[in-house]
Amino acid sequence: MNDLNVNLENVNSRIARACKKAGRRAEDIRILAVSKRQASSRIRELRANGQKAFGENYVQEAVLKQRDLTDLEIEWHFIGPLQSNKTALVARHFQWVQSVDRANVLQRLSSQKPENLPDLNICLQVNIDREQQKSGALPEEIPGLAQLATNMRGLRLRGLMAIPRAAASEGEALQSFTNMYRLFQQLQAEGMKLDTLSMGMSADLEQAVLAGSTMVRVGTDLFGPRTPA
Ligand SMILES: *Cc1c(COP(=O)(O)O)cnc(C)c1O
């Protein structure tokens, strides 16, 4: 077995253990492999081990790597801060955008999604811990944005994403994730058909799964350390 396969198996067993503790089914949690600042050859290797969904944070870097990988069937997720002047490129090159946090970006993605491509899957990013410098809409802005996204052509709202504050303890991480789960449930109670709660990374995926995550975004624990920016 190669190192990436071992890493993937380790992440899968961590998810399985957390699911057992939470009384959940492991099939209900997807892994997004976060490949920012990893070479396209590493993505190819992990794809050969069965991993299909990959997440990227930087548009230019992602587009260059995608060019090396056109022969592979990969589901690309954009998860980085999204500037308005990059939305057209993102709408063309990604199947998912998980970092949408304002109406202007929703409008641009909707009008720029090429006609010949399927609807763009959207997650709204929530600044769940109300941090000053953090991307993401505040929790109280989410219902309005979700309503807007639901009515836009070319977009399919799938759910919510968050990067909670670096937690001082497991209990603190669990609290942020639980707040996300409540917000997710609130939208579902309003009748929205959402299936994706994207939360949990290398360091805290167990707490995220306990709180109801359906997609963990794992970089370091799958690929190893990233090359410096
Ligand atoms: C980098 C990144 C990750 C992965 O972080 P790791 O700690 O390396 O697992 C997940 N989500 C987002 C939005 C990221 O930017």
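Structure: see above.
Residues numbered from 1 in each chain as written. Predicted model: local features only at pLDDT ≥ 70, side-chain atom pairs only at ≥ 80, totals over all residues. Heavy atoms only, no water.

Undergrad: What is the right way to read the site of the ligand from this model?
TA: Neighbouring residues of the ligand: V34, K36, N57, I79, I163, M201, S202, R217, V218, G219, T220 and R226. Between the ligand and the protein, one listed contact pairs an oxygen atom with a side-chain N or O atom of R226 at 2.8 Å. Considering the ligand on its own, with 390 Å² of exposed area, one finds that the protein chains cover 88% of that surface. Tallied by class, the residues present in the shell around the ligand amount to five nonpolar, four polar and three charged. (Near = heavy atom within 4 Å. Polar contact = N/O pair within 3.5 Å; in protein donor to acceptor, adjacent residues only side chain to side chain. Areas by Shrake-Rupley, 256 points an atom, 1.4 Å probe, with all protein chains shown as cover. Nonpolar A, V, L, I, M, F, W, Y, C, P; charged D, E, K, R; others polar.)

Undergrad: What is the right way to read the packing of helix α6 (residues 142-150) against helix α7 (residues 170-189) from this model?
TA: Packed helix pairs are specified by the crossing angle of their axes together with the interaxial distance, meaning the distance between the axes. Where α6 meets α7, the closest approach of the two axes is 11 Å, and the angle between their N-to-C directions is 45°. Classified by the angle between their axes, α6 and α7 sit oblique to one another. You can see that α6 and α7 cross each other, and the crossing is right-handed. On α7, the residues touching I142, P143 and A146 of α6 are L183, Q186 and L187. Residue classes in the contact of α6 with α7 are distributed as five nonpolar, one polar and no charged. (Axes fitted to C-alpha atoms, helices over the stretch in contact; angles between N-to-C directions. Helix = DSSP H or I, 4+ residues; strand = E, 2+ residues; numbered from the N terminus. Parallel < 35°, antiparallel > 145°, perpendicular 65-115°, else oblique. Left-handed = near helix turned anticlockwise from the far one by under 90°. Contact = heavy atoms within 4.5 Å.)

Undergrad: Just checking my understanding: could you explain the packing of aromatic side chains for this structure?
TA: The description of an aromatic ring pair uses the distance of the two centres, along with the angle that the planes make with each other. Under the defined criterion, the tally for this structure stands at two aromatic pairs. With a centroid separation of 6.2 Å and an interplanar angle of 45°, the aromatic rings of F54 and W76 are classed as tilted. With F54 in strand β2 (residues 53-56) and W76 in strand β3 (residues 75-78), this pair connects stretches of sequence that are 22 residues apart. Residues F54 and W76 agree in their burial class; the two are buried. A centroid spacing of 5.3 Å and a plane angle of 75° characterise the contact between F78 and F94, whose relative ring orientation is edge-to-face. Of this pair, F78 sits in strand β3 while F94 sits in the loop between α4 (87-93) and β4 (96-100), and the two are 16 residues apart along the sequence. For the residue pair F78 and F94, the accessibility class agrees, reading buried in each case. (Phe/Tyr/Trp six-rings, centres within 6.5 Å; stacked < 30°, edge-to-face > 60°. Buried < 20%, exposed > 50% of the residue type's maximum accessible area, 1.4 Å probe, protein only.)

Undergrad: Explain the pattern of salt bridges here, please?
TA: Summed over all chains, the structure comprises 15 salt bridges. Where R25 meets D28, a salt bridge forms, and the shortest distance between an N and an O atom there is 2.9 Å. Overall, D28 belongs to the partly exposed group, its relative accessible area being 33%. A salt bridge links K65 to E56; the nearest nitrogen and oxygen atoms lie 2.9 Å apart. Since its relative accessible area comes to 7%, K65 is described here as buried. Taking the relative accessible area as the measure of exposure, E56 reaches 0% and is therefore buried. Bridged by salt links that share partners, the residues D3, R42 and E45 form one connected network. (Salt bridge = Lys/Arg side-chain N within 4 Å of Asp/Glu carboxyl O.)

Undergrad: What should I look at first to understand unusual backbone geometry in this one?
TA: Despite not being glycine, R37 shows a phi value in the positive range, around 55°. Relative accessible area serves as the criterion here: at 23%, R37 is assigned to the partly exposed category. Even without a glycine there, the phi angle at R130 is positive, about 55°. Considering the arrangement of structural elements, one finds R130 in the loop between β5 (120-126) and α6.

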